[in-house]
Amino acid sequence: AADIARITRDQAEGVMNRAVKRGLAKRKLEPLELVGIDEKAIRKGHTYSTILTDLQSGKVIEVVEGRTKQAARDLLRDLPTEVTATIEAVAMDMWPAFIGAVGEVLPDAAIVFDRFHIKKHLNEAVDRVRRQENRALSTEGDDSLKGSKYQWLKNQPDLRKKCAQEFRALLAKDLNTGKAWGLKELFDRFWTYTSRIWAMRFFYHWLDEVRGTELQPMVKVAQMLEDHVAGIMNYLSFGITNAAAEGINSVIQTLRSAARGLPNFANLRARILFNLGQLDLRLA
């Protein structure tokens, strides 16, 4: 854009920053009901930002640097009271800083733990089981699990397909990895329940199944889910996820790549709000 307009990139950045400032000054936030808080790595070295998203419109409301409790708290407190007063539920992962900030600033809002983050935790547990078992089998000259990482992480809705033949053969070996994968897939049933009573029964039956395997990576995740069961159960009432935020994260990554990393947070924030804030950027 700078090349086409025959201006410098710094000048183009200034145009964008002024447009965002103008758009934020004109913005009048409607009452919010369902929002999502998510993190996004913005630089190497575990440098993060915290993003607040309106889950109904899909727009980014604000971005702050860091993913601390204070950062999340400031993010929420900067919203007008008439906006925060109507928030019914907040989707997030199980990051303690986010939980604490929402509990302080939005005590009446329900916390809904994101189902896709839970799936991620379960996938990671399955992979840890696979790596442990692969090391044990390799010492015996058995390379059954070598190179199979992504087969265990995929959803397998139909094991009858030809492409699943190799995976079926692995399942037939009655490996610990197969048991972990089966429990991970079984948990997907939880999200289909409409009755909280039956969902709770399923949840604790699933916990017992996991603990019975004594597969420590899975047991550890199961314990984490039990510790956060109230927020997991809230999914049945609100049905919200941070899927929109994940899509936004993908766009942000594209923005960072196009701008060679954007080391300046203020410029990154401006680009995010310019592209994803649904602001009125017109001069008049």
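Residues numbered from 1 in each chain as written. Predicted model: local features only at pLDDT ≥ 70, side-chain atom pairs only at ≥ 80, totals over all residues. Heavy atoms only, no water.

Along its length, the protein carries 15 helices and 5 strands. By residue count, 47% of the 284 residues in the protein fall in the buried class. Of the contacts formed within the protein by residues at least 6 apart in sequence, a portion of 62% connects residues at least 24 apart. Carbon and sulfur atoms make up 51% of the accessible area of the protein, which totals about 15,400 Å². Taking the average place of the 43 positive charges on the side chains of the protein and the average place of its 36 negative ones, the gap between the two points comes to 6 Å. (Helix = DSSP H or I, 4+ residues; strand = E, 2+ residues; numbered from the N terminus. Buried < 20%, exposed > 50% of the residue type's maximum accessible area, 1.4 Å probe, protein only. Contact = heavy atoms within 4.5 Å. Areas by Shrake-Rupley, 256 points an atom, 1.4 Å probe, with all protein chains shown as cover. Lys, Arg positive; Asp, Glu negative; His and termini not counted. Charge placed at Lys NZ, Arg CZ, Asp CG, Glu CD.)

Before going further, it helps to spend a moment on the pattern of salt bridges. Inspection of every chain in the model, using the stated rule, returns 14 salt bridges. Among the salt bridges present, the one from Arg67 reaches Glu39, with a minimum N-O distance of 2.8 Å. On the criterion of sequence distance, the pair formed by Arg67 in the loop between β3 (60-65) and α3 (69-77) and Glu39 in strand β1 (residues 34-43) is long-range, its members being 28 residues apart. Lys119 serves as the salt-bridge partner of Glu185, at 3.5 Å between the closest nitrogen and oxygen. Of this pair, Glu185 sits in helix α9 (residues 176-186) while Lys119 is found in helix α6 (residues 115-138), placing the two residues 66 residues apart along the sequence. For Glu185, a relative accessible area of 18% translates into the label buried. You can call Lys119 buried: its relative accessible area is 15%. (Salt bridge = Lys/Arg side-chain N within 4 Å of Asp/Glu carboxyl O.)

Following both chains from N to C, one finds helix α10 (residues 196-213) and helix α11 (residues 216-227) inclined at 155 degrees, their axes separated by 9 Å at the closest point. The angle between the axes of α10 and α11 places the two elements in the roughly antiparallel class. When the axes of α10 and α11 are compared, the crossing they make is left-handed. For the pair formed by α10 and α11, the contact residues are Phe203, Tyr204, Trp206, Leu207, Val210 and Arg211 on the first element and Met218, Val219, Ala222, Gln223, Leu225 and Glu226 on the second. Across the contact of α10 with α11, the residue classes break down as 9 nonpolar, 1 polar and 2 charged. (Axes fitted to C-alpha atoms, helices over the stretch in contact; angles between N-to-C directions. Parallel < 35°, antiparallel > 145°, perpendicular 65-115°, else oblique. Left-handed = near helix turned anticlockwise from the far one by under 90°. Nonpolar A, V, L, I, M, F, W, Y, C, P; charged D, E, K, R; others polar.)

Side chains of nonpolar character tend, in soluble globular proteins, to be buried together. By size, the foremost hydrophobic cluster in this structure holds 65 residues, and its most contacted members are Val90, Ile118, Phe187, Phe190, Trp206, Met218 and Leu225. Ile118 has contacts with Met94, Phe113, Phe187, Trp191, Leu225 and Ile232, leaving out every residue within four places of it along the chain. (Core = buried A, V, L, I, M, F, W, Y, C linked by side-chain atoms within 4.5 Å.)

Take the pairing of strand β5 (residues 110-113) next. The alternating pattern of β5 places Ala110 and Val112 and Ile111 and Phe113 on opposite faces, both of which are buried. Taken together, the 4 bridges between strand β4 (residues 89-92) and β5 define a ladder with parallel strand orientation. What sits directly across from Val90, in β5, is Ile111. Following the backbone out of β4, through helix α5 (residues 96-105) and into the adjacent parallel β5, one traces a crossover that is right-handed. (Pairing = 2+ DSSP bridges. Right-handed = clockwise from strand over helix to strand, strands pointing away.)

Across a sheet, strands are paired by hydrogen bonds formed along the backbone, either parallel or antiparallel in direction. Spatial strand order, β3-β2-β1-β4-β5: 5 strands in an open sheet with mixed pairing. Two strands bound the open sheet, and with one partner strand each, they are β3 and β5. In this sheet, neighbouring strand axes are inclined to one another by 25 degrees on average, regardless of whether the strands run parallel or antiparallel. Packing of α3 onto the sheet brings it into contact with β1, β2 (47-54) and β3, and relative to β3 it is tilted by some 145 degrees.

Our next topic: the pairing of β4. Alternating residues of β4 divide into Ala89 and Ala91 and Val90 and Met92, and every residue in both groups is buried. Inspection of the sheet shows β1 paired to β4 by 3 bridges, in the parallel sense. In the strand pairing of β4, Leu34 is matched with Ala89.

Attention now moves to the packing of aromatic side chains. Inspection of every chain in the model, using the stated rule, returns 11 aromatic pairs. Plain terms: the ring middles of Phe203 and Tyr204 are 5.3 Å apart, the flat faces sit at 80 degrees to each other, and that makes the pair edge-to-face. Its guanidinium or amino end placed over the ring of Tyr48, Arg67 lies 4.0 Å from that ring's centre, counting from NZ or CZ. Positioned above the aromatic ring of Trp198, the side-chain terminus of Arg201 is 4.6 Å from the ring centre. (Phe/Tyr/Trp six-rings, centres within 6.5 Å; stacked < 30°, edge-to-face > 60°. Lys NZ or Arg CZ within 6 Å of the ring centre and 35° of its normal.)

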